[in-house]
Amino acid sequence: MLVVLGLCGAAWTIPEVRSALRDSFIERQQAYIELYLGKEPFFDGDELVVPLELVEHGDTGGRHSVRTWAQDAKGRHLAARTESVTTKPGALVGVDVRLRLKGGGKRDAVLVEVTLPGHPQRLRMHLH
């Protein structure tokens, strides 16, 4: 009996064994990224500033593309931009995406959309 307990204790010190045992007894959450607006988008001259915040859960972090665009009431894109954001697990990361709007975009822009390519997250906000 003492030998079995000793072997079990020794096996528990090996990270791969510990992970495999946890996986067999505990349901682990899948990794995901929270994406949200830090505050309402605003205009800075001819640019629409979209303040975004991301938090990565359950993964090791890394670089992620964030695709942002503005469109008019007819669905035409007035500006689009892809930013690369580096995340760390559990850390809040903020990024201000600046969209330079075409022509009279400031008065024409009615909608902002944000996606994380390869992930299901999507934000849509109607501008006032």
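Because the structure is predicted, anything quoted here is derived from the model rather than measured.

Undergrad: Before we move on, could you go through the overall build of the chain and cite the residues and values that matter?
TA: When helices and strands are counted, the chain shows three helices and eight strands. N-terminal to C-terminal, the α/β element order of the chain is α-α-β-β-β-β-β-β-α-β-β. Across the 128 residues in the chain, those meeting the buried criterion constitute 32%. Partitioning the intrachain contacts of the chain with sequence separation of at least 6 by distance along the chain shows that 53% fall at a separation of at least 24. Roughly 8,500 Å² of accessible area belongs to the chain as shown, and the carbon and sulfur atoms make up 54% of that amount.

Undergrad: Residue-level account of the sheet that holds strand 4 (residues 62-71), with values.
TA: Spatial ordering of the open sheet is given by 5-4-7-8, a layout of four strands whose pairing is antiparallel. The two strands at the open ends of the sheet, each matched to only one other strand, are strand 5 (77-87) and strand 8 (122-126). Averaged over all pairs of adjacent strands, the angle between strand axes in this sheet comes to 15°, irrespective of strand direction. When strand 4 meets strand 7 (residues 111-115), the two strands line up antiparallel, connected through five bridges. Within strand 7, the position partnered with Arg 67 by the bridge is Thr 115.

Undergrad: Quick one: what's the story with the pattern of salt bridges, residue by residue and with numbers?
TA: One pass over the full model with this rule turns up seven salt bridges. Put simply, Arg 98 and Glu 47 hold a salt bridge, and the shortest N to O gap is 2.6 Å. Within this pair, whereas Arg 98 is found in strand 6 (residues 92-100), its partner Glu 47 is found in strand 3 (residues 47-57), the two being separated by 51 residues in sequence. Looking at Arg 98, the relative accessible area reads 33%, which means it is partly exposed.

Definitions and cut-offs
- Residues numbered from 1 in each chain as written.
- Predicted model: local features only at pLDDT ≥ 70, side-chain atom pairs only at ≥ 80, totals over all residues.
- Heavy atoms only, no water.
- Helix = DSSP H or I, 4+ residues; strand = E, 2+ residues; numbered from the N terminus.
- Buried < 20%, exposed > 50% of the residue type's maximum accessible area, 1.4 Å probe, protein only.
- Contact = heavy atoms within 4.5 Å.
- Areas by Shrake-Rupley, 256 points an atom, 1.4 Å probe, with all protein chains shown as cover.
- Pairing = 2+ DSSP bridges.
- Axes fitted to C-alpha atoms, helices over the stretch in contact; angles between N-to-C directions.
- Salt bridge = Lys/Arg side-chain N within 4 Å of Asp/Glu carboxyl O.

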